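Examining the three-dimensional arrangement
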Amino acid sequence: MKLIKTLLLLLISISFSCKGKLSKSDVVTDTKTTKMEIPVMETSKASSLVNVWIDSTTGHKIEKLVTRTGDNRSFYFHNNPFLKSKDGKSDLMIFSGSTETGNQFFSINLETKAIDQITTQKGNKRGEIVGTKTRKVFYMVKDSIFATHVDTHETEFIYKFNDDIIGSITSLNANETLLGGALITKEENDIFKKNPKKSDYFDKIYEAKLERSLFTIHVNTKEFNNIYSENAWLNHIQFSPTDPDLLMYCHEGPWHKVDRIWNINLKTKKTELIHKRTVYREIAGHEFFSPNGKTIWFDLQIPRGETFYLAGKHLDSGEETRYALKRDEWSIHFNISPDLKTFAGDGGDEGQVAHAKDGMWIYHFTPKGDSLVSKKLVNMKNHDYNLEPNVHFSPNGKQIIFRANFEGTTQIYAVEIEKPTL
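Below or above, wherever it landed, is the structure these notes cover. The model shown is predicted, which means the values in this text are computed figures rather than measured ones. (Residues numbered from 1 in each chain as written. Predicted model: local features only at pLDDT ≥ 70, side-chain atom pairs only at ≥ 80, totals over all residues. Heavy atoms only, no water.)

**A few points about the overall build of the chain**
Definition in use: Starting at the N terminus, helices and strands are each numbered in turn, a helix being any DSSP run of H or I of at least four residues and a strand any DSSP run of E of at least two. It is over C-alpha atoms that the radius of gyration is taken, and the globule rule equals 2.2 Å times the number of residues to the power 0.38. Relative accessibility under 20% of the residue-type maximum defines a buried residue, over 50% an exposed one, and the middle range a partly exposed one, all with a 1.4 Å probe and only protein chains included. Any pair of residues with heavy atoms lying within 4.5 Å of one another is described as a contacting pair. Shrake-Rupley sampling with a 1.4 Å probe provides the accessible areas, and residues are treated as covered by the protein chains on show and by no other component.
Across its full length, the chain holds 3 helices and 32 strands. Its C-alpha atoms give the chain a radius of gyration of 22 Å, near enough to 22 Å, the size a compact globule of 422 residues would have. In the chain, which comprises 422 residues, the proportion classed as buried is 54%. Within the chain, counting contacts between residues at least 6 apart in sequence, those at least 24 apart form 45% of the total. Here the chain displays about 19400 Å² of accessible surface, and carbon together with sulfur accounts for 50% of that area.

**Looking at the side chain of Arg260**
The test is simple: Polar contacts, as used here, are pairs of N or O atoms within 3.5 Å; protein pairs need one atom able to donate a hydrogen and one able to accept it. Residues neighboring in sequence count only if both atoms are side-chain atoms.
As for its placement among the helices and strands, Arg260 is situated in the loop between strand E19 (246-251) and strand E20 (261-265). Polar side-chain contacts of Arg260 include one of 2.7 Å to the side chain of Glu252. Of the polar contacts made by the side chain of Arg260, one reaches the side chain of Glu287; its length is 2.8 Å. Once residues within four sequence positions are removed from consideration, Arg260 is found in contact with His236, Tyr249, Cys250, His251, Glu252, Trp255, Ala284, Gly285, His286 and Glu287.

**Things to note about the layout of surface pockets**
For clarity, the threshold we go by: We place a 1 Å grid over just the protein atoms. Points where a 1.4 Å probe fits but has no way out form a cavity, open points with protein on both sides within 12 Å along at least 5 of 7 lines form a pocket, and any residue with an atom within 4 Å of a point lines it. Grid points are joined across faces, edges and corners, and a volume is the space filled by probe spheres set on the points. Gly counts as polar in this scheme, as do all residues outside two lists: the nonpolar Ala, Val, Leu, Ile, Met, Phe, Trp, Tyr, Cys and Pro, and the charged Asp, Glu, Lys and Arg.
Estimates place the volume of the second largest pocket at around 960 Å³. When contributions to the lining of the second largest pocket are tallied by element, the ones reaching two or more residues are strand E6 (82-84), strand E10 (126-131), strand E14 (166-172), strand E18 (234-239), strand E22 (283-289), strand E26 (334-336) and strand E30 (392-393). Of the residues contributing to the lining of the second largest pocket, the split by class is 18 nonpolar, 14 polar and 5 charged.

**Quick look at the sheet that holds E18**
Counted only if it meets this: Two strands pair if DSSP finds at least two bridges between them. Only the contacting stretch of a helix is used when fitting its axis, a line to C-alpha atoms as for every element, and angles between N-to-C directions run 0 to 180 degrees.
Taken in spatial order, the 4 strands of this open sheet run E18-E19-E20-E21, and their pairing is antiparallel. Both outer strands of the open sheet, E18 and strand E21 (271-273), are each paired with one neighbouring strand and no more. The average angle at which neighbouring strand axes cross in this sheet is 25 degrees, direction not considered.

**Topic: the nonpolar core**
Selection criterion: Residue types Ala, Val, Leu, Ile, Met, Phe, Trp, Tyr and Cys, when buried and joined through side-chain atoms within 4.5 Å, form a set referred to as a nonpolar core.
Counting residues in hydrophobic clusters, the biggest one holds 38 residues, and the most contacted among them are Phe343, Ile362, Val378, Ile400, Phe402 and Val415. Secondary structure elements with two or more residues in this core: strand E24 (308-314), strand E25 (320-325), E26, strand E27 (343-345), strand E28 (361-368), strand E29 (371-379), strand E31 (399-404) and strand E32 (411-416). If one sorts the elements of this core by residue count, E28 sits on top with 4 residues. In contact with Phe343, not counting residues within four places along its chain, are Trp297, Leu310, Tyr323, Asn335, Ile336, Tyr363, His364, Phe365, Pro367, Leu372 and Phe393. Ile129, Tyr159, Ile169 and Phe215 belong to the second largest nonpolar core, which has 15 residues in total.

**Here we look at helix H3 (residues 198-208)**
Just so we agree on the cut-off: Think of it as the arc spanned by the lines of direction from the helix axis to the C-beta atoms.
Tyr201, Phe202, Ile205 and Tyr206 are the residues of H3 that are buried. Down the axis of H3, the sector holding all buried residues measures 125 degrees, keeping them to one side. Relative to its buried face, H3 has exposed residues pointing more than 90 degrees away, namely Ser199 and Glu207. For H3, the elements touching its buried residues are helix H2 (186-194). Just past H3, the residue Lys209 takes up positive phi, approximately 50 degrees.

**Describing H2**
Of all the residues in H2, the buried ones are Glu188, Asn189 and Ile191. In a view along the axis of H2, the buried residues occupy a sector of 155 degrees, so they form one face of it. Among the exposed residues of H2, those pointing more than 90 degrees away from its buried face are Glu187, Lys193 and Lys194. As for H2, its buried residues are in contact with E14, strand E15 (178-184), H3 and strand E16 (212-218).

**A closer look at the packing of H2 against H3**
The packing of two helices is summarised by the inter-axis angle and the distance between the axes. This is how it is decided: For classification purposes, angles smaller than 35 degrees are called roughly parallel, those larger than 145 roughly antiparallel, those between 65 and 115 roughly perpendicular, and all remaining angles oblique. Two helices that cross are described as forming a left-handed crossing if the nearer one is turned anticlockwise from the farther one by less than a right angle, and a right-handed crossing if clockwise.
The contact between H2 and H3 brings their axes to 9 Å, and the two run at 165 degrees. By the angle between their axes, H2 is roughly antiparallel relative to H3. Our pair here, H2 against H3, has a crossing hand that is right-handed. Between H2 and H3, the residues in contact are Glu188, Ile191 and Phe192 and Tyr201, Lys204, Ile205 and Ala208, respectively.

**Focus on the pairing of strand E13 (residues 155-160)**
Across 5 bridges, the pairing between strand E12 (residues 144-149) and E13 is antiparallel. In the sheet register, Ser144 faces E13, and the bridge partner there is Lys160. Counting the residues in the hairpin turn of E12 and E13 gives 5 residues, including His153, whose phi is positive at 70 degrees.

**A closer look at the packing of aromatic side chains**
We count it as follows: Between 30 and 60 degrees the pair is tilted, below 30 it is stacked and above 60 it is edge-to-face, where a pair is any two Phe, Tyr or Trp rings, Trp via its six-membered ring, whose centres lie within 6.5 Å. Whether a charge sits over a ring depends on NZ of Lys or CZ of Arg being within 6 Å of the ring centre and within 35 degrees of the ring normal.
This structure, assessed with the given rule, holds 25 aromatic pairs. When the ring of Phe161 is compared with that of Phe215, the centres are 5.6 Å apart and the planes differ by 75 degrees; the resulting orientation is edge-to-face. Taken as a pair, Phe161 in the loop between E13 and E14 and Phe215 in strand E16 lie far apart in primary sequence, 54 residues in all. For the residue pair Phe161 and Phe215, the accessibility class agrees, reading buried in each case. For the ring pair Tyr363 and Phe365, a centre distance of 5.4 Å and an interplane angle of 25 degrees mean the geometry is stacked. Assigned by exposure class, Tyr363 and Phe365 land together as buried. Grouped by ring-pair contacts, the aromatic residues Phe75, Phe105, Tyr139, Phe146 and Phe157 constitute a single cluster. Over the aromatic face of Tyr206 sits the side chain of Lys209, whose NZ or CZ is 3.7 Å from the ring centroid. The aromatic ring of Tyr309 is capped on one face by Arg322, whose charged end is 6.0 Å from the ring centroid.

Here's what the structure looks like:
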């Protein structure tokens, strides 16, 4: 049986390598680690059978990181999923996986690929928050907040919202003492329930102008603190990775109608607009902090769907950096490398705001002057962009990790930024 499977995989790899641009050979020898031969294949359902392959269009090595049964989902692009292993010798990535008892959190050792189930509590879990200092995963089940230790799996109850309050947590501050999130009204919650699709609820929530509040909960004392309220859709809440008193949030809604990106200082309660729109239908969004906390990066279009930039507001100087992008290079989400020198993007299909004709790629970007030079890493033509790939750089900066559904289920992959030796 093993021989038959081996022959089948070899036939698949030969078939797909003939269709791609890498026609030099049906396999590539990876000399960086071992002398293993890797098939050259189209990135698709068939390629997932071999777990490691060379994208036949781009020439970059892709690995299916998680091989456990069921759906496996990596974190949203601005939520950090990484921390060191207990012995400090390798890196762990936290992810969510489907089980018979609801989704659970797992860790994968990025070196050994060993998987460890962290949570076991029944029920679907919301929130993707990792405390790298406390080594805990924070999440919600229904109206309650819990924290589970990555190594011991001990679970701690943190807080339960009152029956008349609807709250959710999205972020943990830099010293890991405060959880941050938003409260919504029951009226707003009813709109979500009656309009489950984003295309149905998005304008309705924005136009309703219902009150939302930002809050913090102290992890140790359990103290709840309402820090700011406004009749606006406050969303995309992120603590600074370095300043425990700085919280970023957005005015959600149609981006061309809102000045979206804001900071609030928890001590002074002072709010600050990060980017002011200057022309009709200008948009700025999908904001995220750089790892050093000094810059907020965001997708900038002046106007919407016409001219594309990856922009960064430097918080100390107030200056703004803009890197120009071509239409096909626009991505739903961008991210920045650990050394702060390069960027990643997850592309988009023709139905997205850029209406790109050839935008379905995982990209690596290198700044050159006032523009970004792109390199295509993964051909995503067999991926359904209703699932956003949400790119992350690996902690060593050598891979870009993303989620995709080209094999029919949601799974997690890593592509190497540098090509293997032919």
